[in-house]
Amino acid sequence: MKMWNRTHLIPQGNMGLKMLHRTQPALKLSDVNPPDIQKVIVEHIVRNEDSALQVHTSLRLRPFSGHFPKSNNEVDYETWRSNVELLLKDTTQSDLYKSRKLLESLLSPAIDIVKHLTPESPLNAYLEILDSAFSTVEDGDDLFAKYLNTMQDNGEKPSAYLQRLQVMLNTTLRRGGVTASDLDRHLLRQFVRGCWDNILIAELQLEQKKQNPPTFAELLLSLRIAEDKRTSKASRMKHHLNISKPRVSSYYQSTYVQSEEDCNPSQPALDHRSEIQNLKKQIADLQSQLTRITQKDSRKVQSAARPVAPKQLSLQHLKGCTTAEM
């Protein structure tokens, strides 16, 4: 048996040779895509799906209405504006998608002033109108002067104070009050100047870092670590002292001084009821005497003020005249 061009000749007795054509077998999936290549493709697809999901979830904007004071679920305009800038830098989404996300985050009255714009309008058109209505009108120099006068409030943590400085400094940067290359230097200088916790500043050696200041993220992390250590140590100290501190027991001791009457049981004790009755009787006597005196004085006053009758006046007058004639 010989094979020519993949054709086999098979003897079939008197029928002669029967030609049988054999087709080429189909390739298996494992021959085309080995398991290693399949694994790489699946991991690539899953990774891309996860990244797309993360991008989609991270583009959610907090609501902004423009009301003052704002409600708890809203943010101020500067915070909202910073989130929108991140949305603008996202190159994976279309402009129409960005405009829709921006409009979804706006509430009345902020959304009322941009209703005349179409969805195809660029985001800069939205931001220009919103900036003119809600953004600060102070220039960069005024904002920087205000930034330099910002101190730590009473009860405010150093980390919270640093974040407040960062927000003000970013606003000053947008208004041209500072340059981007000097942000870290200005941030550290003002924090050291306005923070009242000198012990924390000395622990972190922030005075020595002014020439080579850390970034905002590095400085914030170091402050939070230091604050957490302090809180943990204070909690341990309070727990330890409350357990080891001995309890103070107080006892009441009274002293009774015996009088002579108590020492002599044969002598009767003073009856308080009779004493009270005697006092009441004396008060009643005094009131009666006072009443009599008052009545007597009132009768004297009435008699002195009583007018003389006309008859009495005429008789007295006649007696006086007769005496004068004699």
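These remarks concern the structure in this document. (Residues numbered from 1 in each chain as written. Predicted model: local features only at pLDDT ≥ 70, side-chain atom pairs only at ≥ 80, totals over all residues. Heavy atoms only, no water.)

Looking at the overall build of the protein chain
Secondary structure assignment for the protein chain yields 13 helices and 3 strands. Burial analysis of the protein chain (326 residues in total) assigns 22% to the buried set. Taking the contacts inside the protein chain whose residues are at least 6 apart along the sequence as the reference set, 53% of them involve residues at least 24 apart. Just so you have it, the protein chain exposes about 25900 Å², and 56% of that area is on carbon and sulfur atoms. (Helix = DSSP H or I, 4+ residues; strand = E, 2+ residues; numbered from the N terminus. Buried < 20%, exposed > 50% of the residue type's maximum accessible area, 1.4 Å probe, protein only. Contact = heavy atoms within 4.5 Å. Areas by Shrake-Rupley, 256 points an atom, 1.4 Å probe, with all protein chains shown as cover.)

Some points on the environment of Leu165
As for its position among the elements, Leu165 is in helix 7 (residues 158–174). Leu165 gets classed as buried once you look at its relative accessible area, which sits at 0%. When the C-alpha atoms of Leu165 and Tyr147 are compared, they prove to be 7.3 Å apart, with 18 residues separating the residues in sequence. Setting aside residues up to four positions removed in sequence, Leu165 forms contacts with Tyr147, Thr150, Leu187, Gln190 and Phe191.

Topic: the side chain of Arg81
Topologically, Arg81 is positioned in helix 3 (residues 77–88). Under the relative-accessibility criterion, Arg81 is labelled buried at 14%. Within the local environment of Arg81, its side chain forms a polar contact with the side chain of Asp131, the two groups lying 3.0 Å apart. (Polar contact = N/O pair within 3.5 Å; in protein donor to acceptor, adjacent residues only side chain to side chain.)

Here's the deal with the side chain of Ser159
Checked against the element boundaries, Ser159 lands in helix 7. Among residues more than four places away in sequence, those in contact with Ser159 are Leu220, Leu223, Arg224 and Glu227.

A look at the packing of helix 3 against helix 4 (residues 95–104)
Interaxial distance between helix 3 and helix 4 falls to 10 Å at its minimum, and their mutual angle equals 165 degrees. Classified by the angle their axes make, helix 3 and helix 4 are roughly antiparallel. Along this stretch, helix 3 crosses helix 4, giving a crossing that reads as right-handed. In this structure, helix 3 uses Trp80, Val84, Leu87 and Leu88 to contact helix 4, whose residues at the interface are Lys98, Lys101 and Leu102. For the contact of helix 3 with helix 4, the per-class residue count stands at 5 nonpolar, no polar and 2 charged. (Axes fitted to C-alpha atoms, helices over the stretch in contact; angles between N-to-C directions. Parallel < 35°, antiparallel > 145°, perpendicular 65-115°, else oblique. Left-handed = near helix turned anticlockwise from the far one by under 90°. Nonpolar A, V, L, I, M, F, W, Y, C, P; charged D, E, K, R; others polar.)

Notes on the packing of helix 3 against helix 5 (residues 123–134)
As a packed pair, helix 3 and helix 5 sit with axes 12 Å apart at the nearest point and diverge in direction by 170 degrees. The orientation of helix 3 with respect to helix 5, classified from their angle, is roughly antiparallel. Residues Tyr77, Trp80, Arg81, Val84 and Leu88 of helix 3 touch helix 5, and the partners they reach there are Leu123, Leu127, Leu130, Asp131 and Phe134. A breakdown of the residues in the contact of helix 3 with helix 5 according to their chemical character gives 8 nonpolar, no polar and 2 charged.

What to know about the nonpolar core
Tyr147, Leu162, Phe191, Leu206 and Leu223 are the most contacted members of the largest nonpolar core, which has 22 residues in total. Among the elements of the structure, helix 6 (140–148), helix 7, helix 8 (183–194), helix 9 (198–203) and helix 10 (216–244) are those that each provide at least two residues to this core. Those residues in contact with Phe191 that sit more than four places away from it in its chain are Pro158, Tyr161, Leu162, Leu165, Leu206 and Leu223. If you look at the next biggest cluster of nonpolar residues, it comprises 16 residues, including Val84, Leu117, Leu123 and Leu127. (Core = buried A, V, L, I, M, F, W, Y, C linked by side-chain atoms within 4.5 Å.)

Considerations on the packing of aromatic side chains
Counting across every chain of the model gives 7 aromatic pairs. Aromatic pair Tyr77 and Phe134: ring centres 6.1 Å apart, planes at 35 degrees, arrangement tilted. One end of the pair, Tyr77, is in helix 3; the other, Phe134, is in helix 5, and 57 residues separate them in sequence. Given a relative accessible area of 6%, Tyr77 falls into the buried group. A relative accessible area of 24% places Phe134 in the partly exposed class. An aromatic cluster is present here, built from Phe64, Tyr77, Trp80 and Phe134 joined pairwise through their rings. (Phe/Tyr/Trp six-rings, centres within 6.5 Å; stacked < 30°, edge-to-face > 60°.)

Points about the layout of surface pockets
Of the voids in this model, the largest pocket is the one considered here, and its volume is about 500 Å³. For the largest pocket, the lining is made up of 22 residues, of which Asp76, Tyr77, Glu78, Phe134 and Thr136 are closest to its centre. At the level of secondary structure, the elements contributing two or more residues to the lining of the largest pocket comprise helix 3, helix 6 and helix 7. Broken down by element, the lining of the largest pocket gets its largest block of residues, 4 residues, from helix 7. Of the residues contributing to the lining of the largest pocket, the split by class is 9 nonpolar, 7 polar and 6 charged. (1 Å grid on protein atoms, 1.4 Å probe; cavity = no way out; pocket = protein on both sides within 12 Å on 5 of 7 lines; lining within 4 Å. Points joined across faces, edges and corners; volume = space filled by probe spheres on them.)

What to know about unusual backbone geometry
Between Phe68 and the following residue, Pro69, the backbone shows a cis peptide bond with an omega angle of 0 degrees. Structurally, the position occupied by Pro69 is in the loop between helix 2 (35–58) and helix 3. Across the junction of Ser108 and Pro109, the peptide omega takes the value 10 degrees, indicating a cis bond. Checked against the element boundaries, Pro109 lands in the loop between helix 4 and helix 5. Residue Gln205 is not a glycine yet carries a positive backbone phi of 55 degrees.

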